[in-house]
Amino acid sequence: MSLITQIDQDIKLAMLAKQPERLQGLRAIKSALLLAKTEKGAAEELTPEAEIKVLQKLVKQRKESADIYKTQGRDDLYQIEIGEMQVIEPYLPQQMTRFEIEGFVQELIGRIGATSIQDMGRVMGMANKELAGQADGKTISEVVKQLLG
């Protein structure tokens, strides 16, 4: 079953259960997926990788907004962003812990023979490709810098 079909079913269930917060998050997902599907140059159907990228982007936006609201003391808006993030995250693959990322990157560095920070581009390229959907780029970048630097 495609993600958009799953989201449609979950929207119906959220409506029946009268869950407005969940409904808002699900509608945000559906909107983003439909927008990605109709973008210029997009394929007929979104690939699972493209769907994951859309969801990751939504989570990242919510996280950044929540941080801003928290620093501004807007707890009401902060709670909304966190709530939507909690609705979106279950549709993503299980995220790796920092410890798991460090282990993977160490193994990758050994595999490609990287020795210094000048090899960061190669390591990042391969790590981002192999960990797509399982870890965010910022964390991967921090780990690579730490291990190579």
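Let me begin by describing the structure that accompanies this report. Not measured: the values here are computed from a predicted model.

The rules behind these values
Residues numbered from 1 in each chain as written. Predicted model: local features only at pLDDT ≥ 70, side-chain atom pairs only at ≥ 80, totals over all residues. Heavy atoms only, no water. Helix = DSSP H or I, 4+ residues; strand = E, 2+ residues; numbered from the N terminus. Buried < 20%, exposed > 50% of the residue type's maximum accessible area, 1.4 Å probe, protein only. Areas by Shrake-Rupley, 256 points an atom, 1.4 Å probe, with all protein chains shown as cover. Phe/Tyr/Trp six-rings, centres within 6.5 Å; stacked < 30°, edge-to-face > 60°. Lys NZ or Arg CZ within 6 Å of the ring centre and 35° of its normal. Expected span 1.5 Å × (residues − 1). Contact = heavy atoms within 4.5 Å.

### Considerations on the overall build of the protein chain
1) Next: Looking only at helices and strands, one finds seven helices and zero strands in the protein chain.
2) Next: For the protein chain, the sequential pattern of α-helices and β-strands runs α-α-α-α-α-α-α.
3) Next: Along the three orthogonal principal directions, the C-alpha set of the protein chain runs to about 55 × 45 × 25 Å.
4) Next: Across the 149 residues that make up the protein chain, the buried fraction comes to 35%.
5) Next: If you sum the accessible surface of the protein chain, you get close to 9,600 Å²; carbon and sulfur atoms cover 54% of it.

### Some thoughts on the packing of aromatic side chains
1) Next: Throughout the structure, instances matching the rule amount to zero aromatic pairs.
2) Next: A cation over an aromatic ring shows up here: Lys70 above the ring of Tyr78, its NZ or CZ 4.7 Å from the ring centre.

### With respect to helix 3 (residues 48-71)
1) Next: End to end, helix 3 covers 35 Å across 24 residues, agreeing with the expected 34 Å (1.5 Å per residue, within 8%).
2) Next: Within helix 3 the residues assigned to the buried category are Glu51, Val54, Leu55, Leu58, Val59, Arg62 and Ala66.
3) Next: The inward-facing, buried residues of helix 3 abut helix 1 (3-16), helix 2 (20-38) and helix 4 (75-88).
4) Next: Note on helix 3: the residue one or two positions beyond its end, Gly73, has a positive phi of about 75 degrees.

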